[in-house]
Every structure is written in C-alpha cells, then in structure tokens.
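# Structural overview
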Amino acid sequence: MAIIVSIITAVTWATTGIFVKQITHINPFLLAWSRFVIAALCIIIPSRKSLLSDFKSLANRVTSFKYASIMSIYYISATLAFIFAPVSLVALAISLSPIFTILMRWMTKEKILFREICGSFVAFLGVVIFFTDSFQNSLNNTITLYLGLLLGIASGFLKALYSFVIWKQSRKNGTGNNHQKNSAVFTTLNTFIIGAILLTPSVFLSEWKSSINIKTMILLFCLGLISTALPTFTNTFASQKLTPTIHTVIGLSTPMFASLFAFLFLGEYISIIQVSGMIITLSGVWWVSSVGRSGTSRK
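An account of the accompanying structure is given in this report.

### Considerations on the overall build of the protein chain
For the protein chain, the count of helices and strands is 15 helices and zero strands. A total of 299 residues make up the protein chain; the buried ones form 52% of that total. Pairs at least 24 residues apart make up 90% of the contacts formed inside the protein chain by residues separated by at least 6 positions. When the accessible surface of the protein chain is summed, it comes to about 14,600 Å², and 71% of that surface belongs to carbon and sulfur atoms.

Pasting the structure below:
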C-alpha cells in the first residue's frame, strides 16, 4: 500500500508541468501563491473536524509547523531554481535526494540494505541519461546558473530531510494509521499556509501584471488540487511508512512521468535516449521498492 501511495505522489507531482505550461500572462509569484492557497482550501474543506482536533494539541502544532516549514521552503527553493537554471540541471540536482537520505541514515547508524544502495545508483544513472541531451545543450557559465544549481541541490536535500524526519518521527511514535493520517493532513495544510505567508510580500510588491480568465482559474484549481494538495499529502503519508531511501528513489520517476504527460498532452518530443533513461530509472525504482515489498522497509 505504501509503495502505491509513493507512486501516486510521483505521478501527481509530474502533472505540474501540464498545468503550468498552459497558464500564461500571470505573475509567477502570484502563480506560486495561488497554488498554496488553493491547495490549503482543498485540505481545509473536507478535513475540518480532524484539523480542529489536531490544532488543539500544542505538541502536534509545534511538530507539524517544524516539518511543514521544510516542505514550504522546498517548494519555494525548487521554484526559484527552475527560474534561474535549465530544467534538466535542476531536476538532476533534486534527484540527489536518495543519496542524501542514505548519508543521513548512515550518520544516524540506521541499517542500509545493499539493494537500496544499488537501486539508488541505477535510478540516478537513469536520470542522468534521461537528461543528457538537454543538459549538454543548455549549459552556460553564468552566476544565475550556479545559483539555480545550488538551489536545486538545496531542494534535493530538503526533500530528503523531510522524508527522513517524518520517517524517524513515525517510528518513534509508533502510532496507528488513523493518527498518522490526521498528522499527514495537518502537516500538509501547514506546508501551504507557511508557503503562502512567505510569498505574500512578493505577490503585492511585484511589478508583474497578471491576466486571469476562466481557463486560468480552472488550471490553477487543478494545479492546487492535483499537483499540490494530493501529492503533498501522499508524500507525507508515504514518508511515514517507507524508508526515506525507498520513497525518494521512487520519486526519481517524477521527471519520467512528467515527460510522458508532456508527450501525451502537450505534444512534446521524447528521444530514444530519454526512453532508455526512463527504463533504467524505473528498473532502479523497482529494485529499491522490492525492499519495501519484502517487508524490510521499516526497521
């Protein structure tokens, strides 16, 4: 079940490009801010009762805000990274997250299986091959490129850190599925609230002009619900159940699904090299996820 939830996270995050590519003439800060606000509303409306009970607990509030701030900063840093550097370079930098999780587990003396290390390497190699063409054609020695690269690496680290701390907290508490679900919902909501607060000054101080019509509103709603609220919740829930290495390696399939969706819905081209990279990455994902299927995902 947890493996399936992790795959759903990768697939739904991959839909982001489909909606963003069709949203034009809008302030990028307003776009990101709207994404957070709509996603927050999508969480609040169906989960009012459980959110109220969780909010009454100060311990839950402190823990949730602490973890949610990691994902909020991840969203913002990843967005800025894609602005400053080529998509291929940033995606490759973010794909370092499984390596960060392995280092974190090694530093905390957690057991790491050989299959996890090998599968992570194979999956990352597939990502490198997948982005080979676009990576070579888009390099230029500029300060903004290095800034985008650093932000991309930071995003990969934050993504790994979030999965790691959620997993550790889940093992420490040893709570049931219902409590974990409520905790995931509350943390997800706080992620969007913190993100919206951080972006509010940029929205009102920006000189960008925006033009919003019915189509844009529908796309923003889909972006907030399908590409933000749902994957952020499933990301938290999967992080509670799977080792951070397994979950982040499955996340490496996100660029693959994104390219497949772009091919199907936007008519973008996929090369033979990219298909080869997809196959190698998915092979690595299967190899690592077999650890979870065999019942060793939790120590």
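### Here we look at the nonpolar core
One recurring pattern in soluble globular proteins is that nonpolar side chains are buried together. In this structure, Ile23, Phe36, Tyr74, Tyr75 and Phe192 are the most contacted members of the largest nonpolar core, which totals 49 residues. The set of elements that each furnish at least two residues to this core consists of α3 (28-44), α5 (58-84), α6 (87-94), α7 (97-107), α10 (143-173), α11 (177-205) and α12 (214-241). When sequence neighbours within four positions are dropped, the list of residues in contact with Phe192 reads Phe36, Ala39, Ala40, Ile43, Tyr75, Thr228, Ala229 and Thr232. Judged by nonpolar contacts, the second largest core, of 19 residues, contains Leu92, Phe131, Ile270 and Met278.

### Observations concerning the pattern of salt bridges
This model, assessed by the stated rule, comprises two salt bridges. Here Arg105 and Glu116 are joined by a salt bridge, their closest N and O atoms 2.7 Å apart. Note that Arg105 is positioned in helix α7 and Glu116 in helix α8 (residues 114-130), a separation of 11 residues in sequence. Each member of the pair, Arg105 as well as Glu116, is classed as buried. The residue Lys168 makes a salt bridge to Glu110 at a minimum N-O spacing of 2.9 Å.

### Brief notes about empty space enclosed by the protein
As enumerated under the stated definition, the model contains one cavity of 30 Å³ or more in all. The space that makes up the largest cavity amounts to roughly 60 Å³. Considering the residues around the largest cavity, the lining is formed by Thr9, Ala10, Trp13, Lys159, Ser163, Asn235, His247, Gly251 and Thr254. Elements with a contribution of two residues or more to the lining of the largest cavity: α1 (2-14) and α10. Per element, the largest residue contribution to the lining of the largest cavity is three residues, and it comes from α1.

### Describing the side chain of Asn235
Along the chain, Asn235 falls in helix α12. By relative accessible area, which is 3% here, Asn235 ends up buried. Within the local environment of Asn235, its side chain forms a polar contact with the side chain of His247, the two groups lying 2.7 Å apart. The contacts of Asn235, once residues within four sequence positions are left out, are Thr9, Trp13, Met71, Tyr162, Ser163 and His247.

### Description of the environment of Ser253
On the secondary structure map, Ser253 appears in the loop between α13 (244-250) and α14 (254-265). For the pair Ser253 and Ala123, spaced 130 residues apart in sequence, the C-alpha separation works out to 8.4 Å. Apart from residues no more than four positions distant in its own chain, Ser253 is found in contact with Ala10, Thr281 and Leu282.

The rules behind each value
- Residues numbered from 1 in each chain as written.
- Predicted model: local features only at pLDDT ≥ 70, side-chain atom pairs only at ≥ 80, totals over all residues.
- Heavy atoms only, no water.
- Helix = DSSP H or I, 4+ residues; strand = E, 2+ residues; numbered from the N terminus.
- Buried < 20%, exposed > 50% of the residue type's maximum accessible area, 1.4 Å probe, protein only.
- Contact = heavy atoms within 4.5 Å.
- Areas by Shrake-Rupley, 256 points an atom, 1.4 Å probe, with all protein chains shown as cover.
- Core = buried A, V, L, I, M, F, W, Y, C linked by side-chain atoms within 4.5 Å.
- Salt bridge = Lys/Arg side-chain N within 4 Å of Asp/Glu carboxyl O.
- 1 Å grid on protein atoms, 1.4 Å probe; cavity = no way out; pocket = protein on both sides within 12 Å on 5 of 7 lines; lining within 4 Å.
- Points joined across faces, edges and corners; volume = space filled by probe spheres on them.
- Polar contact = N/O pair within 3.5 Å; in protein donor to acceptor, adjacent residues only side chain to side chain.

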